[in-house]
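Spelled out from the first residue to the last, the chains are:
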Amino acid sequence: MTLGFKEGFLWGGAVAAHQIEGAWDVDGKGISIADVSLAGDVKNPRQLTDGVIEGGNYPNHRGIDFFHTYKNDVALMGELGIKVFRTSIAWTRIFPNGDDDQPNEAGLQFYDDLFDELLAHGIEPVITLSHFEMPYALSTKYGGWADRRLIDFFVKFAEVVFKRYQGKVRYWMTFNEINNQTNYTSDRHLMQNSGLLHVPEADKERTMYQASHYELVASAKVVQLAHEIDPNYQVGSMIAFEPYYPKTSKPQDILFAQRAMQARSWWGDVQALGDYPQWLTRHFELNDWQMDITTEDLATLQAGTVDYVGFSYYMSHATQAPSETLGDMHFEQGRDNIDNDYLTKSDWGWQIDPVGLRYSMNWMTDRWHKPLFIVENGFGAYDELTAEHEIHDQYRIDYYQSHLSEVLKAVEFDGVDLIGYTPWGFIDLVSASTGEMKKRYGFIYVDLDDMGQGSGARYKKDSFAWYQNVIATNGQSLRTTEE
């Protein structure tokens, strides 16, 4: 028996196109929903604007200028030793408005050039089709994913890129963190996930479920299409996995925490298993929602289950039953999240829970029976660039050491089938949640501030050498400091 990560384990790094590329209006690219999101900070959420307004601070317009610097950045990736690079294809580089008749050749060529550069360095692309950057025109013209017609637009986009990049890309994912719209009371999450604009408060929950259904049908169609085009294609879901613990051992708290887990993860049920969970179909009935879910849709969901489960893991949560007598156990994320007294937090209020990652991997394995792929895990922190252009980020090393040690236990002791690990923002980028640059994740420092000012130079942090050694030893170096 061989212990540790399997041979060929996919060590890598993860980003999204809209957070690094910049060049938001170059070579025919259209406006995405990320392009109408202003900068925020830890206390002030990002605001959405009706179109791009003059003088607005839109950090995603700049990113880290990867569109122009990718060759040097890929060389740094090669030095780091990563095997895979997870990014997204900006839908608006290919179809600027989403419903265009023909794709934009300049956008297609950019990704050809990027993928060729990666492959020349021995790095395999791992591609997300929709990562919070759908065409803004699909929101304004159709109302986002609340309109069934978006299924065909998405499938058309997927077909174009599947055929174009055959032989260059093997691993795909459909919708990034599709389940973040659990927090449907947040206009930002509705827009970010499904392009939903100006939804009346009373209709937000139902609209979220309907949009989600169309996304799930589109995902299933895309899985089937991918396998028809290339049987070697592997298409996964992408779930933001945030486990919920009961506040106490009180039965009501345990029951409500179970519902919180169900409410956060049902998208994964549909994508991995092909069926809606019973509690959710009953929820539709109790609310007398006449959902547009056809018999044909249900057959599509059954036929288009994913090959693997990609997921992000940043934090866990606790929750507590809102009453002694629980009826339909309606969970609202914004209302029902509470702090876990046993955990510390990052500077941005995200609870740090390494053991929760092992717990999550076991939970998903037991429920979905699919190989897992950790495609995001990371630590946003303030970094200080010294006069010698050094960044001493032992706090980041400690974070990754503690989390990867738990991943290793899940693989060795629990038998979890894990494909790979791509930490989030291995190069500094614009934060999706706040729009900040100072919320830094990377092993590579990018000399830009929140206003896009700076040299743009790249500097290796102390964590760069640490992760480089983890990759070189296929994770065996993690044992040296494991308790």
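It should be noted that the structure appears before, not after, this text.
Residues numbered from 1 in each chain as written. Predicted model: local features only at pLDDT ≥ 70, side-chain atom pairs only at ≥ 80, totals over all residues. Heavy atoms only, no water.

**Some thoughts on the overall build of the chain**
Secondary structure summary: the chain contains 15 helices and 14 strands in total. What you see for the chain is a C-alpha radius of gyration of 21 Å, in line with the 23 Å of a compact globule of 483 residues. Over its C-alpha atoms, taken along the principal directions, the chain stretches across nearly 65 × 55 × 45 Å. Residue burial in the chain is summarised as follows: out of 483 residues, 61% are buried. Considering only intrachain contacts with a sequence separation of at least 6, the fraction spanning at least 24 residues in the chain is 75%. Carbon and sulfur atoms provide 49% of the accessible area of the chain, an area that totals close to 18400 Å². Across the chain, the centroid of the 40 positively charged side chains sits 1 Å from that of the 70 negatively charged ones. (Helix = DSSP H or I, 4+ residues; strand = E, 2+ residues; numbered from the N terminus. Rg over C-alpha atoms; globule rule 2.2 N^0.38 Å. Buried < 20%, exposed > 50% of the residue type's maximum accessible area, 1.4 Å probe, protein only. Contact = heavy atoms within 4.5 Å. Areas by Shrake-Rupley, 256 points an atom, 1.4 Å probe, with all protein chains shown as cover. Lys, Arg positive; Asp, Glu negative; His and termini not counted. Charge placed at Lys NZ, Arg CZ, Asp CG, Glu CD.)

**Some thoughts on the layout of surface pockets**
There is about 1000 Å³ of room inside the largest pocket. Along its surface, the largest pocket is lined by 42 residues, and Arg 188, His 189, Met 315, Trp 350 and Ser 433 are the ones closest to its centre. Mapped by element, the contributors of at least two residues to the lining of the largest pocket are helix H7 (187–194) and helix H12 (333–336). For the lining of the largest pocket, the leading source of residues is H7, giving 3 residues. Residue composition of the lining of the largest pocket, by class: 12 nonpolar, 19 polar and 11 charged. Taken as a whole, the second largest pocket encloses approximately 190 Å³ of empty space. What lines the second largest pocket is a set of 17 residues, and nearest its centre among them are Arg 259, Trp 279, His 283, Asp 328 and His 330. Those elements giving two or more residues to the lining of the second largest pocket turn out to be helix H8 (204–229), helix H9 (251–273) and helix H10 (278–286). For the lining of the second largest pocket, the residue count by class is 10 nonpolar, 3 polar and 4 charged. (1 Å grid on protein atoms, 1.4 Å probe; cavity = no way out; pocket = protein on both sides within 12 Å on 5 of 7 lines; lining within 4 Å. Points joined across faces, edges and corners; volume = space filled by probe spheres on them. Nonpolar A, V, L, I, M, F, W, Y, C, P; charged D, E, K, R; others polar.)

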